[in-house]
Amino acid sequence: VVLSFDGSPPSIGMNMPTGCGFPTIQTFERAPSAAEFESCVELTNFPAVVFRGCASDWEACSKWNPFNNGLDYLEERAGSVEVEAMLSRTAPIFNGDIRSHERVSMPFSDFVRLCKQHMISKENTVGVDAKSSCLNPPLPHDPTTPGQIYLAQFPILNDGKEEKVQLKILRQDIQTPSLLEGKSLSSINFWMNSAQARSSTHYDPHHNLLCVVSGCKKVVLWPPSASPSLYPMPIYGEASNHSSVGLDNPNLSDYPRAEHSLKQSQEVTLKAGDAVFIPEGWFHQVDSNELTIAVNFWWQSNIMSNMPEHMDSYYLRRITRRLIDKEMSLLVSRPSSTDLKQPYDHLDQCKIGQSEGGDDNSRNKSIEKGIGTSREKTPLHDLDPSASHALHDLISLVHDHVNAVGTSRELQHTSPSSSDIASERDNSKILVNALSSLEDDRIAHMLWNLEASRLRDVLLAMARYFPRTLEALIIHMLSPVAAEVLTQKFDEIDQQSGEEDRSQFYREFYGAFDDESAAMDIILTRKESFAFQAFKNVLDKYLGVHITSPTSNL
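The rules behind each value
Residues numbered from 1 in each chain as written. Predicted model: local features only at pLDDT ≥ 70, side-chain atom pairs only at ≥ 80, totals over all residues. Heavy atoms only, no water. Phe/Tyr/Trp six-rings, centres within 6.5 Å; stacked < 30°, edge-to-face > 60°. Helix = DSSP H or I, 4+ residues; strand = E, 2+ residues; numbered from the N terminus. Buried < 20%, exposed > 50% of the residue type's maximum accessible area, 1.4 Å probe, protein only. Pairing = 2+ DSSP bridges. Core = buried A, V, L, I, M, F, W, Y, C linked by side-chain atoms within 4.5 Å. Contact = heavy atoms within 4.5 Å. Salt bridge = Lys/Arg side-chain N within 4 Å of Asp/Glu carboxyl O.

### What about the packing of aromatic side chains?
Okay, step 1: For the coordinates displayed, the defined rule picks out 25 aromatic pairs.
Okay, step 2: When the ring of F37 is compared with that of F277, the centres are 5.2 Å apart and the planes differ by 80°; the resulting orientation is edge-to-face. A residue pair is termed long-range when its members are at least 10 positions apart, and F37 in helix α1 (residues 34-40) and F277 in strand β13 (residues 275-278) qualify at 240 residues.
Okay, step 3: For F37, a relative accessible area of 0% gives the class buried.
Okay, step 4: Among the residues examined, F277 registers a relative accessible area of 0% and is labelled buried.

Quick look at the structure:
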């Protein structure tokens, strides 16, 4: 998409790529004004904005060009400056994790000579005359090869750390792009590689305008929401902004979500003079051709600069809660790969129409029909077919479970004591580790597939005619995922019912238990166990943190 500013802002959100969910990369042939950039580009927090020729009028584009005596110029201008280069143990990939590289201090002139060596070795000495080559022989006793070393993120400007800006002498060859006018820049950095190089996938805590001075860069971008498929390093680690998985040939047994990472990405190629805006938090992987030089500008986003520090804990809790809710929805709403078969053609322990509990329950010969009113009663055998079928299967599952664990064939009172509830809270690790998916949990699957009105009928029928079966279902068989589904269905019932009918439903439902508050506590405790699993997933997917059990401090 090629656009130019003509006074009317472009529609940033109109061009949606397949599978990515974010606007496609847009190209501007003319750099926007600072006001246009802020309102039409920066505030959207979308990247994918390429500014062709943004830096083409810099003197650096001609003076630094390695194929036009640029190496000689750089050596002459800044050769005596001591620089810290990155020596990679995984070249040509340069990882941000300090375990994979070391910082090597050297005069800038030595780095330039490594670049010249590489040009000679590739028999590509165009722009480096014979005289300059002879004056710069290979470095004696040098332990490095040009492909292992990269001058990365070396400051030309650094706000508040001027004493560390050794390459400021090169500042006069570049200009701050007009679209950044008025920005309080955190730093301007110099990047240079001799051989082909790749920066590992990472994000930065600043907005970034990356400008290519010489050579070519390919930038692959992912939105922050792609974190789960990129497996970020642990948030407490030294390289927390880096992905922990190689994306060319990921080990899918260790990183199964990485299979979908490229579907969420976008790619742009930058040539000399071009620039791309990379917003804070957007993951990016950068491939650089041989002898590529670039300059980038970092500045703090309005969101971060305007976020008061005393609100951090609140925002952290709000954002975490939103991610947990999203994760819970994903866990519950996954479609079943295969339809569950209904294995029961008859009831072994109970017949529909034959209630539990003798005279007390037999006096109640009808069930509410629909969600309309509690005063409308219908005989049990007149239940809606889908409700009757679900009731049939739930009772069968409970009785098969009772038989499987070797209890009495007659369902006994099963309400837990207060000590049982406390024990369940203390042992919530067991619940968390026993979590099943919606596809695998038959009870959760049944509850999920029932309309709220039908489920209401089923639960009332169980409360009136089979209270001990209902008690066994809730106390002993309701898994965390089933508890989450049940409470979601309760919400739907609440929305569809009037106040009187809603109160009547809960009175009858909880009235089937010997200890109503204990039953409610069981449901909520298991729902919270499900939420804790979602919390664990959020920590894993977005923060790279793995926990095995809940603690009182979480």
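### Some thoughts on the pairing of strand β8 (residues 185-193)
Okay, step 1: Counting buried positions over the nine residues of β8 gives eight, a clear majority of the element.
Okay, step 2: Relative to β8, strand β7 (residues 149-158) runs antiparallel, the two sharing six bridges. When the sheet's bridge partners are listed, F154 is paired in β8 with F190.
Okay, step 3: Here β8 runs beside strand β15 (residues 292-299); their pairing, made up of eight bridges, is antiparallel. Residue pairing across strands places F190 opposite V295, the latter belonging to β15.

### A word on the nonpolar core
Within soluble globular proteins, side chains that are nonpolar generally end up buried alongside one another.
Okay, step 1: In terms of nonpolar packing, the biggest core is built from 61 residues, with L391, L470, I474, L486 and F509 touching the most fellow members.
Okay, step 2: Secondary-structure elements contributing two or more residues to this core are α8 (312-333), α10 (385-404), α13 (442-449), α14 (452-465), α15 (467-477), α16 (480-496), α17 (499-511) and α18 (516-543).
Okay, step 3: Here the element with the most residues in this core is α18; it accounts for eleven residues.
Okay, step 4: When residues no more than four places from it in sequence are discounted, the contact partners of L470 are L459, M462, A463, F509, A512 and F513.
Okay, step 5: In this structure, F37, F51, W58 and A85 belong to the second largest nonpolar core, which totals 51 residues.

### Some words on the pattern of salt bridges
Okay, step 1: Following the criterion strictly, the structure yields 18 salt bridges and no others.
Okay, step 2: With its nearest N and O atoms 3.8 Å apart, the salt bridge here joins E38 to K183. Of the two residues, E38 is situated in helix α1 and K183 in the loop between β7 and β8; the sequence distance between them amounts to 145 residues.
Okay, step 3: Overall, the relative accessible area of 18% leaves K183 in the buried class.
Okay, step 4: One salt bridge connects E499 with R502, and the closest N-O pair in it is separated by 2.4 Å. Here E499 and its partner R502 are both found in helix α17, three residues apart, which amounts to about one turn of the helix.
Okay, step 5: Residue classification places E499 among the exposed positions, given a relative accessible area of 51%.
Okay, step 6: Each of E38, E42 and K183 takes part in one network of salt bridges that share partners.

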